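Residues per chain are reported as follows:
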Amino acid sequence: MGLLEELYREIILRHYKNPQNYGELPGARLRVKGENPSCGDQVELQIETDGQRITELRFLGQGCAISQASASLMTELVKGKSWEEALALERKFKAMVVDGAPPAPELGDLAALSGVHRLPARVKCATLAWNALEPVSY
Ligand code: ZN
């Protein structure tokens, strides 16, 4: 395993074992669930918004390391962002894991999931949390 792959693996495991923004967000204005039956992954996003920005964001979920690490990294990245910015990041993330584009610098540690492109069965794991975010964004 190369150094970069090892680093990526470490980031994924760190977020899987110690997910960021995990837990209940009492009184959250938006709640949206996502499911990936092919792997048994689930996420529930709880979002607070002022209409322009994602002011607070937490998630609950269970499933494989890729799905949960992706949710954790996604919440870290989009919290505080405008919906427009969040969707632009989603497009960049999907370009990376679905189309195999090189990781955009704005994606930060989400670059750790770039290898998922070579594992077609896991693409739905990686995009689960992002897909849940999309329908509530307008
Ligand atoms: Zn999965």
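The written sequence of each chain sets the order in which its residues are numbered from 1. For a predicted model such as this one, the threshold for reporting local features is a pLDDT of at least 70, and the threshold for listing and counting side-chain atom pairs is 80 or more; totals across whole chains, interfaces and linings nevertheless cover every residue. As a convention, hydrogens and water are excluded, and side-chain values are obtained from all of the structure's heavy atoms.

**Q** How should the coordination of the zinc ion be read in this particular structure?
**A** When a metal carries six donors in an octahedron, the ideal angles between them are 90 or 180 degrees, while four donors in a tetrahedron ideally lie at 109.5 degrees. Coordination of the zinc ion by the protein comes from C39 (SG), D41 (OD), C64 (SG) and C125 (SG), over a distance range of 2.1 to 2.3 Å. Taken together, the four donor atoms surrounding the zinc ion define angles of 96 to 120° at the centre, an arrangement classified as tetrahedral. A donor here means any N, O or S atom no more than 2.8 Å from the metal (3.2 Å for Na, K and Ca); water is not included, so a site may seem to lack partners. Positions of the donor residues of the zinc ion along the chain correspond to the pattern C-x1-D-x22-C-x60-C. With C39 in the loop between β1 (30-36) and β2 (41-49) and C64 in the loop between β3 (54-62) and α2 (65-78), this residue pair connects regions lying 25 residues apart in the sequence. Relative accessibility under 20% of the residue-type maximum defines a buried residue, over 50% an exposed one, and the middle range a partly exposed one, all with a 1.4 Å probe and only protein chains included. Since its relative accessible area comes to 34%, C39 is described here as partly exposed. Key to geometry: four donors with every angle between 85 and 135 degrees are tetrahedral; four donors are square planar and six octahedral where opposite donors lie over 155 degrees apart and all remaining angles lie between 65 and 115; all other sites are irregular. Here a strand is any run of E in DSSP of at least two residues, a helix any run of H or I of at least four, and the numbering for each starts at the N terminus.

**Q** Looking at this structure, I do not really get the sheet that holds β2. What am I missing?
**A** The pairing of strands in a sheet happens through backbone hydrogen bonds and is either parallel or antiparallel. One open sheet holds the three strands; their spatial order is β1-β2-β3, and the pairing between them is antiparallel. Here the strands that pair on one side only, and so sit at the sheet edges, are β1 and β3. Strand-to-strand twist in this sheet, taken as the mean axis angle between neighbours without regard to direction, amounts to 20°. Relative to β2, β1 runs antiparallel, the two sharing seven bridges. Across the sheet, G34 pairs through a bridge with V43, a residue of β2. Contact definition: two residues touch when any of their heavy atoms are within 4.5 Å. Here, axes are lines fitted to C-alpha atoms. For helices the fit covers the stretch in contact, and angles between N-to-C directions go from 0 to 180 degrees. In the packing of α2 onto the sheet, the strands contacted are β2 and β3, and the crossing angle to β3 comes to about 175°. DSSP calls a pair of strands paired once it identifies at least 2 bridges connecting them.

**Q** Explanation requested: the packing of helix α3 (residues 83-97) against helix α4 (residues 123-133) in the structure shown.
**A** When two helices pack together, you describe them by how their axes are tilted relative to each other and by the distance separating the axes. Put simply, α3 and α4 touch, their axes get as near as 11 Å, and they point 165° apart. As the angle between them shows, α3 and α4 are arranged roughly antiparallel. The element α3 and its partner α4 pack so that their crossing is left-handed. Contacts from W83, A86, L89, E90, F93, K94 and V97 of α3 reach α4 at V123, A126, T127, W130, N131 and L133. Just so you know how the angles are binned, under 35 degrees is roughly parallel, over 145 roughly antiparallel, 65 to 115 roughly perpendicular, and the rest oblique. Two helices that cross are described as forming a left-handed crossing if the nearer one is turned anticlockwise from the farther one by less than a right angle, and a right-handed crossing if clockwise.

**Q** I'm lost on unusual backbone geometry in this one. Help?
**A** Leaving glycine aside, a negative phi is the common case for residues, and trans is the common case for peptide bonds. With a phi close to 60°, N21 is a non-glycine residue in the positive phi region. Mapping N21 onto the fold places it in the loop between α1 (3-17) and β1. Residue classification places N21 among the buried positions, given a relative accessible area of 16%.

**Q** Explain the packing of aromatic side chains here, please?
**A** When we look at a pair of aromatic rings, we describe it by the centre distance and by the angle of the planes. Aromatic rings from Phe, Tyr and Trp, with only the six-membered ring used for Trp, were paired whenever their centres fell within 6.5 Å, and each pair was classed as stacked if the ring planes differed by under 30 degrees, edge-to-face if by over 60, and tilted otherwise. Throughout the structure, instances matching the rule amount to two aromatic pairs. Note on Y22 and F59: the rings are 5.0 Å apart at their centroids and 85° apart in plane angle, and the pair reads as edge-to-face. Residue Y22 is found in the loop between α1 and β1, and its partner F59 is found in strand β3; the two are separated by 37 residues along the sequence. Plain terms: the ring middles of F93 and W130 are 5.2 Å apart, the flat faces sit at 20° to each other, and that makes the pair stacked. Note that F93 is positioned in helix α3 and W130 in helix α4, a separation of 37 residues in sequence. The exposure class assigned to W130 is buried, which follows from its relative accessible area of 0%.

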